[in-house]
Amino acid sequence: MAPAVGLCVEGADWALEWITRRQTVLPKRLVAPGPSRAEIERLLTAAAAAPDHGQLLPWRFIDVPVAAREALGDVFAQALRERDPAATTEQQAQAREKARRAPLLWLLVVDARPRTEDVPVRERLISAGCAVQNIMLMAMAMGYGSALTSGKALDSAVLRQAFALSDADMPVCFLSIGTVCQARAPRARPAPAQLFSVWTPSLPIGGVS
C-alpha cells in the first residue's frame, strides 16, 4: 500500500534537511569517541544500500584501527620520501601525523578489473561514491562528523604493498569519522540552476547533415 501523499512530502522535507546539513569536518577536528560496533554495523548497512549494477559489490572498506596508525604513518612518510627524497624530517612528521586523526579511519578500495563490459569502472566508482555518501549521512544522523581525504600517498607503491592491494584494486580515498570537537559555519551550497542544463540537439541523430 502506497503511503499517503502528506507523509511523502513530510519525509522528503526531512530527508532534504539532513542531506543539506551534511558538511565535511577536517579529520583533525574529529576526536573520540567514534562509532561503536553496533553503529559501525549500521554504517555498513547504509553503505550496502548503494546502487550496484549486476550486484558485483565493486568496492570495499579496509579499517585502520588505532593500534595500526603508527604503521600507517610510516607508510605515509615513506610515500613522501618516494615522491621527494629531499623531504625534511618535519615534513615526514607532518605526513605521519595525518594517520593519527579521527577515531575511525577506513580506506575505500574499488575493484577496477575489467570483469564485465556491462559495468565499467565509472559505474563502480559511482556506486562507491553513493556508499560513502550513505555512510556520511548516517554518521551525521548518529551525531558524528566525517571527511573524505585523498592525497598522493594513494598512488604510491608502498601503500599498495602495505594494504596488499592487487593491480586491479584502486585505492580511492580515506574516510574519517568521529566526534566533532570544533564545528564550523556551514558553507554556501551551489544554486540548483548551477547544476542543471537542458540538452538541445544541434545535429541530426546519426551524424553530420
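## Quick look at the overall build of the chain
Turning to step 1, where the next piece is worked out: In terms of helices and strands, the chain carries six helices and five strands.
Turning to step 2, where the next piece is worked out: Ordered by position in the sequence, the α and β elements of the chain form the string α-β-α-β-α-α-β-α-β-α-β.
Turning to step 3, where the next piece is worked out: Dimensions of the chain along its principal axes, counting C-alpha atoms only, are 60 × 50 × 35 Å.
Turning to step 4, where the next piece is worked out: Residue burial in the chain is summarised as follows: out of 209 residues, 31% are buried.

## Quick look at the pattern of salt bridges
Turning to step 1, where the next piece is worked out: Applying the stated criterion to the full structure yields six salt bridges.
Turning to step 2, where the next piece is worked out: For Glu17, the salt bridge is made with Arg21, and the minimal N-O distance between the two is 3.7 Å. You can see Glu17 and its partner Arg21 sitting in helix α1 (residues 5-21), four residues apart, about one turn around the helix.
Turning to step 3, where the next piece is worked out: Classification of Arg21 by relative accessible area gives partly exposed; the value is 47%.
Turning to step 4, where the next piece is worked out: A salt bridge links Asp111 to Arg113; the shortest N-O distance between them is 3.0 Å.

## Quick word on the packing of helix α2 (residues 37-47) against helix α5 (residues 121-141)
Turning to step 1, where the next piece is worked out: Their axes nearest at 7 Å, the elements α2 and α5 cross at an angle of 140°. Compared by their axis directions, α2 and α5 come out oblique. Note that α2 runs across α5; the crossing there is right-handed. For the pair α2 and α5, contact is made by Arg42, Leu43, Ala46 and Ala47 and by Ala131, Asn134, Ile135, Met138 and Ala139, respectively.
Turning to step 2, where the next piece is worked out: Partitioning the contact of α2 with α5 into residue classes produces seven nonpolar, one polar and one charged.

Cut-offs used in this document
- Counting of residues starts from 1 at the beginning of each chain's written sequence and follows it residue by residue.
- Residues qualify for local features only when their pLDDT is at least 70, as the model is predicted, and side-chain atom pairs are given and counted only at 80 or more; totals for whole chains, interfaces and linings, by contrast, use all residues.
- Just so you know, side-chain values use all the structure's heavy atoms and leave hydrogens and water out.
- Per the convention used, a helix needs a DSSP run of H or I reaching at least four residues, while a strand needs a run of E reaching at least two, with both numbered from the N terminus.
- To sort residues, take the accessible area from a 1.4 Å probe on protein chains only and compare it with the maximum for the residue type: under 20% means buried, over 50% means exposed, and anything in between is partly exposed.
- By convention in these notes, a salt bridge is any Lys or Arg side-chain nitrogen within 4 Å of a carboxyl oxygen on Asp or Glu.
- Axes here refer to lines fitted to C-alpha atoms; in helices the fit is confined to the stretch in contact. Angles between the N-to-C directions go from 0 to 180 degrees.
- Should an angle fall under 35 degrees it is taken as roughly parallel, and over 145 as roughly antiparallel, whereas 65 to 115 is taken as roughly perpendicular and any remaining angle as oblique.
- Two helices that cross are described as forming a left-handed crossing if the nearer one is turned anticlockwise from the farther one by less than a right angle, and a right-handed crossing if clockwise.
- Contacts: residue pairs with any heavy atoms within 4.5 Å of one another.
- Amino acids outside the nonpolar list (Ala, Val, Leu, Ile, Met, Phe, Trp, Tyr, Cys, Pro) and the charged list (Asp, Glu, Lys, Arg) are all regarded as polar, and Gly is one of them.

So yeah, pure geometry; function would need other evidence.
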